[in-house]
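# Commentary on secondary and tertiary structure
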Amino acid sequence: MTLPKTQKGLSNSITKIRSQLSAFKREYGFIDDGNGSRYYLFYLYFLLGDNRRSSEYIRWYKQSFPTDMGEPIAFLCWALILHRMGKESDFILARTMISNLYLIPHLLGEEIERIDMWHSCSDEDPDYIDWLPGQIRKAITEEDLGWIRERYNSVPFIRVRDRYIAINKELETLPRGEKRSALADEELHLLDDWR
């Protein structure tokens, strides 16, 4: 994926995409974003580095897509935006972690091996990390990586990660039924205490 390389290019791309999403909503009363523009905007805002515009977008995104499942690289950019603004970012970094268990270890230079568990979609697969744009990788500073490493290795993150893996190992072989539904519900609410 090629992202704009200049601040002007980033800003122009943001304006164009936001205008398209707004026009669609005006015309149809809702936003149809099958191509994932709402996620791509997180990439652009992270690279742009404009706190005011990023904050406004985060508010708009949360209002417009309150039940959105999200996308791992967008979550990563969102967490880093919040971290750089000095705002609470653990919840979004934890969402990044469980949306793709391989992305953060990849950033930290750890060896990646596929975990023998249920992967419900391609975003959860280890190959997903190949989608991380080089520009985003280069924009992540050593300070950012230090913060990610510290949080990732903290007890709350380890506890959530271990439970997430345990749930999905069970889901891989568990037939449909009450126990599977209960585990899926637990997974869905794994980060509720972090909000």
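Above: the structure in question.
These lines cover the structure that appears in this document, whether it is placed above or below. (Residues numbered from 1 in each chain as written. Predicted model: local features only at pLDDT ≥ 70, side-chain atom pairs only at ≥ 80, totals over all residues. Heavy atoms only, no water.)

Moving on: the nonpolar core. Counting residues in each nonpolar core, the largest one holds 62 residues, and the members touching the most others are I136 and I148. Contributing elements (two or more residues each) for this core: α1 (7–28), α2 (37–48), α3 (51–64), α4 (72–84), α5 (90–99), α6 (103–107), α8 (142–152) and α9 (155–173). For this core, the leading source of residues is α4, giving 10 residues. Apart from the residues lying within four places of it in its own chain, the contact partners of I148 are L76, L80, L93, I104, L107 and L108. (Core = buried A, V, L, I, M, F, W, Y, C linked by side-chain atoms within 4.5 Å. Buried < 20%, exposed > 50% of the residue type's maximum accessible area, 1.4 Å probe, protein only. Helix = DSSP H or I, 4+ residues; strand = E, 2+ residues; numbered from the N terminus. Contact = heavy atoms within 4.5 Å.)

How two aromatic rings sit relative to each other is set out by the distance from centre to centre and by the angle between their planes. Taken as a whole and judged by the stated rule, the model has 13 aromatic pairs. Centroid distance F24 to Y28: 4.5 Å. Interplanar angle 40°. Geometry classified as tilted. Of this pair, F24 and Y28 both sit in helix α1, four residues apart, which is roughly one turn of that helix. Measuring from centroid to centroid gives 5.0 Å for F42 and Y57, while their planes differ by 75°, and the two rings are edge-to-face. Highlighted residues: F42 in helix α2 and Y57 in helix α3, separated in sequence by 15 residues. Taking the relative accessible area as the measure of exposure, F42 reaches 1% and is therefore buried. A relative accessible area of 1% means that Y57 is categorised as buried. (Phe/Tyr/Trp six-rings, centres within 6.5 Å; stacked < 30°, edge-to-face > 60°.)

Let us now look at the pattern of salt bridges. On inspection of all chains with the given rule, the structure shows nine salt bridges. D125 is the salt-bridge partner of R114, the closest N and O atoms lying 2.4 Å from each other. Of the two residues, R114 is situated in the loop between α6 and α7 (134–139) and D125 in the loop between α6 and α7; the sequence distance between them amounts to 11 residues. Across the pair K179 and E170 runs a salt bridge whose closest N-O atoms are separated by 3.4 Å. (Salt bridge = Lys/Arg side-chain N within 4 Å of Asp/Glu carboxyl O.)

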